[in-house]
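What follows is the residue order along each chain.
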Amino acid sequence: MIIYVLRRLLLLIITLFLLTLVSFSLNYFTADAPLSGLSLWDAYIFYLTGLLHWNFGFSSINGQPISSQLNATFPATMELCFLAFILALIIGIPTGIIAGVWRNKPIDYIIKIFTLIGFSMPIFVLALLFILLFSLKLGWLPVSGRINLLYDLEPVTGFALIDVWLSDSIYRSQMFINLLEHLILPVITLAIAPISEMIRLMKNSTEAVMGENYIKAAATRGLSRITIIKRHVLHNALPPIIPKLGLQFSTMITLAMITELVFNWPGLGRWLVTAIRQNDYSAISAGVMIIGTLVIFVNVISDILGAMMNPSKYKDGYVFR
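As the structure is a computational prediction, the values presented were derived from the model and not from experiment.

(A) Summary view of the overall build of the protein. Scanning the protein for helices and strands turns up 12 helices and 0 strands. Reading the protein from its N end, one meets helices and strands in the order α-α-α-α-α-α-α-α-α-α-α-α. When its C-alpha atoms are laid out on the principal axes, the protein stretches across 75 × 55 × 40 Å. Going through the 321 residues of the protein one by one, you find that 44% of them count as buried. Sequence separation of at least 24 residues holds for 70% of the intrachain contacts in the protein that already meet a minimum separation of 6. Accessible surface computed for the protein: about 17600 Å², of which carbon and sulfur atoms make up 69%. Seen as two clouds, the 21 positive and the 16 negative side-chain charges of the protein have centres 19 Å apart.

Next up, the structure:
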């Protein structure tokens, strides 16, 4: 177990080093690169020093510090991804267990149909359909944005839900409701694909557990199916999919770029796409570094958590299937 964790940490360090090389190249080898006037080694050391001090230079388009732009956009993306990931867990895990326990039953086929639709539907098409139905047709929810421009929400942490709670405005309750209204469609849109994948993963894991002898023994003892699910299925089916949840969160960060563009969400994804359109290589370099680092950390942490919950499969650093 300890050897496995050390190997994952070593892999983390190596991957981060390679990521810095990719990000640095955008600041050194591109046209009008800000570090091209220095030698390769001096430029790389200067770049690493800037990273350690959260200094990514200045935007070549508007001249603003990139770090300040990241401070404004990164929390908005994390708020969206975190809420969508929680929604995917709440819906995906129980639904996957139901599909696995009642295999080849009508409820299983219904879940399969909705899972296939959710997994195959392009996220931008789904977002536009939601806007057309719930915003333009029914008028229930706002079309885009993060909060109504009439409300003056002072950014404290960058996470709007926390900032509303910290606000001393007399319109705090109205701001909170308005913020939730703006969150509903982007969060649901972003969560659809991860929900479908989590259902599939949990269903396969549940089916494997249901075929074990201890499940059959529990059934012969007269335990109800609900009791078997609580005592045995959930406890044994959940740990194998935990390492795969990190990959789902990483995929969600990628999908967030499209979601933010459609819903005009002021997050990191929309900011990075704008930087790509304008050939702002310093901003692109910072975005690559931030998103890549987040994806790497999430995947390594999920692997370590999976090993901690099921250490017998990671003896001496190897995975036993």
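(B) Fine view of helix α10 (residues 242-262). Its 21 residues give α10 an end-to-end C-alpha distance of 30 Å, which sits within 8% of 30 Å, the value for a rise of 1.5 Å per residue. Approximately 30° is the largest bend angle found in α10, and it occurs at leucine 255. Of the residues one or two after α10, asparagine 264 is the one with positive phi, at around 55°.

(C) Layout of the packing of helix α1 (residues 2-28) against helix α2 (residues 40-52). For the pair α1 and α2, the least separation of the axes is 10 Å and the interaxial angle reads 110°. Our classification of the angle between α1 and α2 gives roughly perpendicular. In terms of crossing hand, the pair formed by α1 and α2 is right-handed. Touching Phe17, Thr20, Leu21, Ser23, Phe24, Asn27 and Tyr28 of α1 are Leu40, Ala43, Tyr44, Tyr47, Leu48 and Leu51, all from α2. Partitioning the contact of α1 with α2 into residue classes produces 10 nonpolar, 3 polar and no charged.

(D) Fine view of the packing of helix α3 (residues 66-101) against helix α4 (residues 106-120). Running from N to C, α3 and α4 cross one another at 135°; their axes reach a closest spacing of 8 Å. With respect to α4, the axis of α3 lies oblique. In terms of crossing hand, the pair formed by α3 and α4 is left-handed. Mapping the contact onto sequence places Thr95, Ile98 and Ala99 in α3 and Ile107, Asp108 and Ile111 in α4.

(E) Structural detail: the nonpolar core. One finds Phe24, Phe56, Ile66, Leu70, Cys81, Leu190 and Trp271 to be the most contacted residues of the largest nonpolar core, which totals 59 residues. Per-element accounting of this core gives the leading share, 11 residues, to helix α12 (residues 281-309). Not counting the four nearest positions on each side in its chain, leucine 70 is found in contact with Trp54, Phe56, Pro75, Leu268, Trp271, Ala286 and Ile290. In terms of nonpolar packing, the next biggest core, distinct from the first, is built from 13 residues, Leu201, Ala218, Ile228 and Ile241 among them.

(F) How the structure looks around the side chain of aspartate 280. Turning to its location among the elements, aspartate 280 is positioned in the loop between α11 (268-277) and α12. Although aspartate 280 is buried, it makes no salt bridge; arginine 277 carries the closest opposite charge, 13 Å away. Reaching out from aspartate 280, the side chain makes a polar contact with the side chain of serine 60 at a distance of 3.1 Å. With residues near it in sequence (within four places) discarded, aspartate 280 still touches Ser59, Ser60, Ile61 and Ala275.

(G) Inspection of the packing of aromatic side chains at higher detail. For the coordinates displayed, the defined rule picks out 8 aromatic pairs. Ring centres of phenylalanine 24 and tyrosine 44 lie 5.3 Å apart, and the angle between their planes is 80°; this geometry places the pair in the edge-to-face category. Here the residue phenylalanine 24 occupies a position in helix α1, and tyrosine 44 occupies one in helix α2, the gap between them amounting to 20 residues. Each of the two residues, phenylalanine 24 as well as tyrosine 44, counts as buried. Between phenylalanine 24 and tyrosine 47 the ring centres are 5.9 Å apart and the planes differ by 55°, which places this aromatic pair in the tilted class. Of the two residues, phenylalanine 24 sits in helix α1 while tyrosine 47 sits in helix α2, which places them 23 residues apart along the sequence.

(H) Focus on a nonpolar patch on the surface. The grouping of Ile98, Ile107, Ile110, Ile113, Phe114 and Ile117 at the surface amounts to a nonpolar patch, some 550 Å² of accessible area in total. Residue contributions to the nonpolar patch peak at 5 residues, all from α4. Inspection of the secondary structure puts isoleucine 113 in helix α4.

The rules behind the values
- Residues numbered from 1 in each chain as written.
- Predicted model: local features only at pLDDT ≥ 70, side-chain atom pairs only at ≥ 80, totals over all residues.
- Heavy atoms only, no water.
- Helix = DSSP H or I, 4+ residues; strand = E, 2+ residues; numbered from the N terminus.
- Buried < 20%, exposed > 50% of the residue type's maximum accessible area, 1.4 Å probe, protein only.
- Contact = heavy atoms within 4.5 Å.
- Areas by Shrake-Rupley, 256 points an atom, 1.4 Å probe, with all protein chains shown as cover.
- Lys, Arg positive; Asp, Glu negative; His and termini not counted.
- Charge placed at Lys NZ, Arg CZ, Asp CG, Glu CD.
- Expected span 1.5 Å × (residues − 1).
- Bend = angle between axes of the 7 residues up to and from the residue.
- Axes fitted to C-alpha atoms, helices over the stretch in contact; angles between N-to-C directions.
- Parallel < 35°, antiparallel > 145°, perpendicular 65-115°, else oblique.
- Left-handed = near helix turned anticlockwise from the far one by under 90°.
- Nonpolar A, V, L, I, M, F, W, Y, C, P; charged D, E, K, R; others polar.
- Core = buried A, V, L, I, M, F, W, Y, C linked by side-chain atoms within 4.5 Å.
- Salt bridge = Lys/Arg side-chain N within 4 Å of Asp/Glu carboxyl O.
- Polar contact = N/O pair within 3.5 Å; in protein donor to acceptor, adjacent residues only side chain to side chain.
- Phe/Tyr/Trp six-rings, centres within 6.5 Å; stacked < 30°, edge-to-face > 60°.
- Patch = residues over 30% accessible without salt bridge, like charges linked within 9 Å, V, L, I, M, F, W, Y side chains within 5 Å.

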